[in-house]
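Summary of structural features
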Amino acid sequence: LRLVFAMERHVARSASLSGSVRVDTPSLARKDGSRLAAAQGIDVAVTKVEWPQQTVTLDRVVVERPQVDVRRGGDGAFEFAAWPSESTKTPARAWTFSVADVRIVDGTAHVADASVSPPFDVMLSRIGVEGRRIASAGGPGSIDVHFDADDGAHVDLQGDVDLSAQSARGHVACTGLH
């Protein structure tokens, strides 16, 4: 990674970060030690992170073999919604971001929902995501998602997402539903 400071009268007026970084075997655990999320690796090519402009531009994000455990309690709240926040302050200005290419390769997800009757429990495997031009502003990007469910179903989703407009449109195909 390369970090550059723009100085004026010996005071940093701006900073930018660029380069590549890889994290092998990252993992998040619950307080009880059980795994919440993990991956074989995360690879990020940073085009530019600029401060104080508050912009993040990434060329590539690849998450290899992620594993997540998603739980929803009997009260209907997702487990992560109960996590304490470090700060309740809203930033003066939101950061903007764009990612040219994002991929999730061969992921798995365990999803358990105790708020419905009967309780819902599924294991999703072979999760794959390919996204292009995903950004917080500037129009729609494309996304393709596929996964298999433990009951034999296979799902393919293809579409466009526009995060600034909070919209998505596309097609869903399911095979092997029981």
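As a starting point, this report considers the structure included with it.

**What to know about the overall build of the protein chain**
Scanning the protein chain from terminus to terminus reveals zero helices and 12 strands. When the helices and strands of the protein chain are read in sequence order from the N terminus, they spell out β-β-β-β-β-β-β-β-β-β-β-β. For the protein chain, the C-alpha atoms occupy an extent of roughly 70 × 35 × 35 Å along the three principal directions. Sequence separation of 24 or more characterises 44% of the internal contacts of the protein chain that already satisfy a separation of 6 or more. As displayed, the protein chain offers around 12,100 Å² of accessible surface, 57% of which is attributable to carbon and sulfur atoms. Positive and negative side-chain charges in the protein chain, numbering 19 and 23 respectively, have mean positions lying 9 Å apart.

**As for the pattern of salt bridges**
In this structure the tally under the stated criterion is 12 salt bridges. The closest approach of N and O atoms between Glu79 and Arg30, which form a salt bridge, is 2.6 Å. Highlighted residues: Glu79 in the loop between strand S7 (67–72) and strand S8 (96–113) and Arg30 in the loop between strand S3 (27–29) and strand S4 (35–38), separated in sequence by 49 residues. Judged by relative accessible area, which is 23%, Glu79 ranks as partly exposed. Of the charged contacts in the structure, one is a salt bridge between Arg103 and Asp101, with a shortest N-O distance of 3.3 Å.

**Observations concerning a nonpolar patch on the surface**
A surface patch of nonpolar side chains, about 250 Å² in accessible area, is lined by Leu1, Val21 and Val23. Among the structural elements, Val23 can be located in strand S2 (residues 11–24). The class of Val23 is partly exposed, set by a relative accessible area of 41%.

**Quick look at the nonpolar core**
Counting 10 residues, the largest nonpolar core consists of Ala109, Val122, Leu124, Ile127, Val129, Val145, Phe147, Ala149, Ala153 and Val155. For this core, the secondary structure elements donating two or more residues are strand S9 (120–135) and strand S10 (141–149). When residues of this core are assigned to their parent elements, the largest contribution, four residues, is made by S9. Ignoring anything within four residues of it in the chain, the contact list for Ala109 reads Val68, Val122, Met123, Leu124 and Ile127. Within the second largest apolar cluster, seven residues are counted, among which are Ala39, Val44, Val46 and Leu58.

**Comments concerning the side chain of Gln54**
By the secondary structure assignment, Gln54 is in the loop between strand S5 (41–51) and strand S6 (55–64). Not counting the four nearest positions on each side in its chain, Gln54 is found in contact with Arg93, Ala94, Trp95 and Thr96.

**A look at the pairing of S6**
Note that S5 and S6 share nine bridges and pair antiparallel. The partner of Ala45 across the bridge, within S6, is Arg60. The hairpin formed by S5 and S6 contains three residues between the paired strands, and Gln54 there has a positive phi angle of roughly 60°.

**Some thoughts on the pairing of S2**
Relative to S2, strand S1 (residues 2–8) runs antiparallel, the two being bridged by seven bridges. Bridge pairing links Met7 to Ala12 in S2. Taken together, the nine bridges between S2 and S5 define a ladder with antiparallel strand orientation. When the bridges of S5 are listed, Leu17 appears paired with Val49.

Cut-offs used in this document
Residues numbered from 1 in each chain as written. Predicted model: local features only at pLDDT ≥ 70, side-chain atom pairs only at ≥ 80, totals over all residues. Heavy atoms only, no water. Helix = DSSP H or I, 4+ residues; strand = E, 2+ residues; numbered from the N terminus. Contact = heavy atoms within 4.5 Å. Areas by Shrake-Rupley, 256 points an atom, 1.4 Å probe, with all protein chains shown as cover. Lys, Arg positive; Asp, Glu negative; His and termini not counted. Charge placed at Lys NZ, Arg CZ, Asp CG, Glu CD. Salt bridge = Lys/Arg side-chain N within 4 Å of Asp/Glu carboxyl O. Buried < 20%, exposed > 50% of the residue type's maximum accessible area, 1.4 Å probe, protein only. Patch = residues over 30% accessible without salt bridge, like charges linked within 9 Å, V, L, I, M, F, W, Y side chains within 5 Å. Core = buried A, V, L, I, M, F, W, Y, C linked by side-chain atoms within 4.5 Å. Pairing = 2+ DSSP bridges.

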